[in-house]
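# Inside the fold
The primary structure of each chain is shown beneath.
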Amino acid sequence: MLPAASISAFTLHGLPPTSTVLLSPRPPRTTSRGRRLRVRIVVASAAGSSRPAAAMGKPPPHVSMEVGDDGVAVVKISNPPVNALAVQRDVSFMDGVSVDLVVNTIEECKKPVVAALQGLALGGGLELALGSHARIAAPGTQLGLPELSLGVIPGFGELLKVSREWALDIAGRRRPWVRSLHKSDKMGSLSEATQVLKAARLQAKKTAPNLPQHLGCLDAIEDGIVHGGYSGVLKEAEVFKDLVLSETSRGLVHVFFGQRATSKVPGVTDVGLEPRQIEKVAVIGGGLMGSGIATALITSNIHVVLKEASSEYLHRGIKTIEGNIRNSEKRGKLTKGQADRALSMLRGALDYSQFDDVDMVIEAVTENIPLKQKIFNELEKIVRTDKTSAQAILDLMTVGKAMKKVPVVVGNCTGFAVNRTFFPYSLSAHILAHLGVDIFRIDRVVSSFGLPMGPFQLQDLAGYGVAVAVSKQFEVAFPEDRSFKTPLIDLLIASGRDGKNNGRGYYIYEKGSKPKPDPSVLPIIEESRKIANIMPNGKSIDVSDQDILEMILFPVVNEACRVLDENVVVRASDLDVASVLGMGFPSYRGGIMFWADSIGAKHICERLTRWSELYGGFFKPSSYLEERAARGIPLCSCSVSLFLIVAVDKLPAPAMAKPHVSMEVGSDGVAVIAIFNPPVNALAIPIINGLKEKFGEATRRNDVKAIVLTGKGGRFSGGFDINVFQKVHATGDVSVMPDVSVDLVVNTIEDCKKPVVAAVEGLALGGGLELALLSKPILSEEGQKLGLIDALVSSEELLNVSRQWAVDIAERRKPWVRSLHKTDKIGSLSEARQVLKAARLQAKKTAPNMPQHLGCLDVIEDGIIHGGYNGVLKVPGVTDVGLKPRQIKKVAVIGGGLMGSGIATALITSNIYVVLKEVNSDYLLKGTKTIEGNIRNLETRGKLTKDKANKALSMLKGALDYSDFNDVDMVIEAVIENIPLKQKIFGELEKVVSRHALLFMDSPAHIMPLLEIVRTNKTSAQAILDLMIVGKAIKKAPVVVGNCTGFAVNRTFFPYSQSAHILIHLGVDVFRIDRVISSFGLPMGPFQLQDLAGYGVAVAVSKEFNSAFPDRTFKTPLIDLLIKNGRNGKNNGRGYYVYEKGSKPKPDFSVLPIIEESRRVANMMPNGKPINVTDQDILEMILFPVVNEACRVLDEDVVVRASDLDIASVLGMSFPSYRGGIVFWADLVGAKHVYERLSRWSELYGGFFKPSSYLEVRAARGIPLSAPASSLTSSPKSRL
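Residue positions are given per chain, counting from 1 as you read along its sequence in written order. It should be noted that, the model being predicted, local features are given only for residues of pLDDT at least 70 and side-chain atom pairs only at 80 or more, the latter also being counted only at that level, while totals for whole chains, interfaces and linings use all residues. Computation of side-chain values: all heavy atoms of the structure, hydrogens and water removed.

Named according to an unreviewed UniProt entry, the chain is 3-hydroxyacyl-CoA dehydrogenase originating from Linum tenue. UniProt positions are given in the numbering used here, feature names are shortened, and annotations may be inferred rather than shown by experiment. Heading Subcellular location (unreviewed entry) of the UniProt record for the chain holds this comment: "Peroxisome".

Written out as structure tokens, the structure is:
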């Protein structure tokens, strides 16, 4: 070898592939002139093994250099299978490849570099070659830049194969030494280049509107042309770095690796089998499918015998195949020689005489099961059944690759993987069409998303006969609630249409022209809509393009979830690849499941749930989707351990030991509390007392951070000790029954200040199951499908896994979800009520003499409607001090206005007598008339029978004095907001009512499901308890709150309208704000709500809050301007909206000049210009201040617990129940995000947005907003 100083030239060369190389930092080597070479190598095995390649008997991936006597250094790359320039995932490392390696190392090398190219020179390999000073290629060498197919641009520099003579010629100045970045001989003038680039951009936007990498590539080229090669390379690196993290790149890369993964099939590719050689294949059926398969086979050098039932069909099939081949030749896909050779490999047959030496038979006849059975009783496709051998699968996969197909192994079900997944695609399109949405708009939306055509054009292409046949198969295979029987196809066929087959369908098809929408199809669609009759109130639904897209594709995602749940595919990425290659799903979106995960299972589940309520069971989310949405698990992830663990039975412990509860605290800070009461660990009274004692001790101990609850002897718990029942029956004394549900399960376990994990073995019955369910994540097998179980482990691992799970919750690595807050398995309220109604009927029918069934359903209904805690009604100092509620039979209501008449209506419909007092006969008559109107309205709507309505009215009595107040159990004051008047009334009441009577100020009207019970320092626990019971009796959800301005709900939501007014004065459109809020799920936006309440209320309320919280209110000039303009919202028909009888409110654009005037007065737009915000910004700027105020409400203990505020927000402000309430939703968003956004807005727009200290601390510590106050220091400001 020559010394380094004698090297006069380099050649770059690729070795035969050996293994995989990653570039990574290592001490640099130097050239003879001290230049540092920046190629660094670290080894990784191709099979994913952690052992070095050399240890497996193979040379490790490397770069070698040999210097010949001629002074040429041959630098060789060895990294099988394609000598890839693999890089680490860290984008910061990738940033220097094009500049550092290609430019600095190769292009700027002080000695000439010639690239010797052979085989492949793709992507970065091509860039290495192009960065060399010359490139010599062997015949057949393929050059290409495939990065665009991965969503990025080439980012390395460029080329390959060198002869030593060429290198020496450059070194000896016999050939020109031209640096690649300086070459411009192939470029025209700058103006020409600009025109070419302009045309290329237009073409890129037209052909690939959703793919940013093409435009990015053109940007880099333009930069290089205009500013020089070096600038272009720097631009290239910049664009590459941006694109590599884009959603487009993520999706394309996912499909790329997903496609590779399809070749790995458990039990097939991992058992040492070798594919057999397939040289000859028989294809039965020469129709569209059969002729296509035969074409693919013969162009892949596989002999084909095409069999048909008659010479006519055979001739047609051969002609079709010949047409396919000649078309490929015409398009340059095949040379004439290749086309002739392919056709020479085709033979026709009318019988099986030529089948004796075939290696494979493919059946491709019409969808006729008896015919298929007759032809090939034993024939199986690539669809894997219980009888399909691994060898057959492997052989078919190999043939598929030979035909340049991507084989995906799937399970056997109707439609297999792709058609099964996408069968809702056309069905949901038909549902939309029958809900009044324009079919051509539907197709446009879907095409804009990236599919090659919309569902109706696709149906035209396939033909309506196929649509009919396929729909019949799926109707048989799947229940009616997952299919939609459209009358439209039959009507189209009856009108003589068959799509592209006869040139007329939804579109018109003319030779040489693109399909054009056929307006003459619209009357047929209208006729179909009349037959289907599914439009709400006979009117078309109002949907956005995004709604259309989601209503088409979310049902497809839902069915894909079922496909995954049933293991129809090996992995989710197989379904992604199948959707891209089989249905034309846009590859840059990563496939159907990858795209779904980019949106989020939660959003998909919420939307489907809503549509299922509106439009039926077709949209009902699958259990797989619901579970993943609830737990935040990606749809694409493999089956993961959920949260409950069960183990196999063990032998019971010795029966001689005394029943007890033990506790052991480990070094990990986990207290294991174990129940021992053989044979089934029944919850006897000593066990219950022992559990309370041990939980109390664990809660107090500083060395305990989490708790695991388990049972000894291979049993968790068989439930409550039924021996106690005998004592109750014998004595009639129910008090001997321990309070398991509230006292033990809720007070002790559910409200434990430390996380509890239940390790369940063997049995978890009755009360034992209750203990497990009210723990934090639990462990068991039977209830996994029901959502009762969180993880499955062996008996040996049960305690270890449970301990770790408990620690993970305590240290915030796993979510701390209180069981009474979980609603992921509950559908909508209407659905729940329907289920409960059916269950009650079933219970009455099957067990008419067993009241426990109906009692159980009553408790379930209470918990669903009013929340888990309401089912057990728990208020500290009220429900836990042994008080019994007094019976309330007669109530006096003072004031017959809107509020008072509403209260009276709710009371009399709950069988409580009412005395309504007013100051004069006119007001009294008006009040009683209002109540009568309310009752008759309930009767008209079917809420009350005529008898019940008459009975309710008979329980109402009017009064002008206090003479009928002597025997009332309760008095509710509901007069106008005038403090002296209220004080006068309460002074008079003390003289006339019984000393046991309860006195209250106004509560909600009959239409409001919430009852806020305000607890002051002087309010007795008995009064609170009695009012809670009355609240339940009048079908309200009672929430005990502290005394402050606005109490809980109005206090929390007072920023709601204020932030809306800030936004409007920052230039945001008033109607857009309302639309955004309505889309989120509230019944109306803040401005329509203000119209509904009336501006007088807005003025009065704002004064109250301005006085109470002057540092965080916004004094809007708009309300005064509206009143001055003669507007008062719905009260006089004119506000932000126009209100006409019998019509929905319509935006009143004449209000805009008034808003403009208010903006001038407020003068808060930055630089006098409207701010630029997204819909998400609007939503957050409206609701995050509400969350902020909710934090203050929690900090001041205005409510007992966060879930009370959630219930209050849902029932009192109609916050969408499916979002869980204001605090629950905020925790889903994350305290950190809420805090950061508010901090930013407070800097821009003032102190109104300043985060509260409660929010700030929780965001900093990563503690959920809903977590108990004990997570931090307790508040000194409690109002309870």
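All right, on to the overall build of the chain then. Under the DSSP-based scheme used, a helix requires at least four consecutive residues in state H or I and a strand at least two consecutive residues in state E, with every element numbered from the N terminus. Counting its secondary structure elements, the chain contains 47 helices and 33 strands. Expressed as a percentage of contacts within the chain between residues at least 6 apart in sequence, the contacts between residues at least 24 apart total 72%. All accessibility values rest on the Shrake-Rupley procedure with a 1.4 Å probe; residue burial counts only the protein chains present in the view. Summing over all exposed atoms, the chain offers an accessible surface of approximately 62,600 Å²; the carbon and sulfur share of this is 54%. Whether two residues are in contact is decided by their heavy atoms: any pair within 4.5 Å suffices.

We call a set of buried Ala, Val, Leu, Ile, Met, Phe, Trp, Tyr and Cys residues a nonpolar core when their side-chain atoms join them within 4.5 Å. Buried residues are those whose accessible area, probed at 1.4 Å on protein chains only, stays under 20% of the maximum for their type, while exposed residues exceed 50% and partly exposed ones sit between those limits. Counting residues in hydrophobic clusters, the biggest one holds 74 residues, and the most contacted among them are Tyr425, Tyr506, Ile552, Leu575 and Leu635. The greatest single-element share of this core, amounting to twelve residues, is contributed by helix 20 (residues 545-565). Counting 73 residues, the second largest nonpolar core, distinct from the first, contains Ala1048, Phe1087, Ile1222 and Phe1248.

This part takes up helix 37 (residues 1049-1065). The end-to-end C-alpha distance of helix 37, which contains 17 residues, comes to 25 Å, matching closely the 24 Å that a straight helix rising 1.5 Å per residue would cover. Burial analysis of helix 37 places 15 of its 17 residues in the buried class, the great majority of the element. Where helix 37 terminates, the next one or two residues include Gly1067, which has phi positive at roughly 105°. Given a helix with a known number of residues, its expected span is that number minus one, times 1.5 Å.

Put simply, two rings from Phe, Tyr or Trp (the six-membered ring, in Trp's case) pair if the centres are within 6.5 Å, and we call them stacked under 30 degrees between planes, edge-to-face over 60, tilted for the rest. For the structure on display, the rule yields 30 aromatic pairs. Look at Tyr464 and Tyr506: their rings are 6.0 Å apart centre to centre, the planes differ by 65°, and that puts the pair in the edge-to-face class. One end of the pair, Tyr464, is in helix 17 (residues 464-477); the other, Tyr506, is in the loop between helix 18 (488-494) and strand 17 (507-508), with 42 residues separating them in the sequence. An identical accessibility class is assigned to Tyr464 and Tyr506; each is buried. Joined through ring pairs, the aromatic side chains of Phe449, Phe554, Phe585, Trp595, Trp611, Tyr615, Phe618 and Phe619 make up one cluster. Whether a charge lies above a ring is judged from NZ of Lys or CZ of Arg, which has to be within 6 Å of the ring centre and within 35 degrees of the ring normal. Residue placement shows Lys307 over the ring face of Tyr352; its charged tip is 4.9 Å from the ring centre. Its guanidinium or amino end placed over the ring of Tyr962, Lys917 lies 5.0 Å from that ring's centre, counting from NZ or CZ.

Time to look at the packing of helix 23 (residues 601-615) against helix 24 (residues 623-631). Between helix 23 and helix 24, the shortest axis-to-axis distance is 8 Å and the interhelical angle comes to 125°. On the basis of their axis angle, the class for helix 23 and helix 24 is oblique. Read as a crossing pair, helix 23 and helix 24 show a hand that is left-handed. Contacts between helix 23 and helix 24 pair Ala601, Lys602, Ile604, Cys605 and Leu608 from the former with Leu625, Glu626, Arg628 and Ala629 from the latter. When residues are grouped by polarity, Ala, Val, Leu, Ile, Met, Phe, Trp, Tyr, Cys and Pro land in nonpolar, Asp, Glu, Lys and Arg in charged, and all others, Gly among them, in polar. Class assignment for the residues of the contact of helix 23 with helix 24 results in six nonpolar, no polar and three charged. To obtain each axis, a line is fitted to C-alpha atoms, and for helices this fit is confined to the stretch in contact; angles are then taken between N-to-C directions over 0 to 180 degrees. Should an angle fall under 35 degrees it is called roughly parallel, over 145 degrees roughly antiparallel, and 65 to 115 degrees roughly perpendicular, with every other angle called oblique. A crossing counts as left-handed when the near helix is turned anticlockwise from the far one by less than a right angle, and as right-handed when that turn is clockwise.

The N-to-C vectors of helix 14 (residues 418-434) and helix 21 (residues 572-583) enclose an angle of 70°; their axes lie 10 Å apart at closest approach. Relative to helix 21, helix 14 is oriented roughly perpendicular. Once helix 14 is placed against helix 21, the crossing between them reads as right-handed. Judged by residue contacts, Val418, Thr421, Phe422 and Tyr425 of helix 14 engage Leu575, Ala578, Ser579, Gly582 and Met583 from helix 21. Across the contact of helix 14 with helix 21, the residue classes break down as six nonpolar, three polar and no charged.

Structurally, Asp357 can be placed in the loop between strand 15 (346-349) and strand 16 (360-363). Overall, Asp357 belongs to the partly exposed group, its relative accessible area being 43%. C-alpha separation for the pair Asp357 and Glu279, spaced 78 residues apart in sequence, amounts to 9.5 Å.

Note: two strands are recorded as paired if DSSP finds a minimum of 2 bridges between them. Reading across from one edge, 15-14-13-16 is the order of the four strands in this open sheet, with parallel pairing throughout. One side of each edge strand has no neighbouring strand; the edge strands of this open sheet are strand 15 and strand 16. Ignoring which end each strand starts from, the neighbouring axes of this sheet average 20° apart. In this structure, strand 13 (residues 280-284) lies alongside strand 14 (residues 303-307), joined through five bridges in parallel fashion. Residue Val283 lies in a different strand from strand 14, and its bridge partner there is Leu306. Lying over the sheet, helix 10 (residues 311-330) contacts strand 14 and strand 15, oriented at roughly 165° with respect to strand 15.

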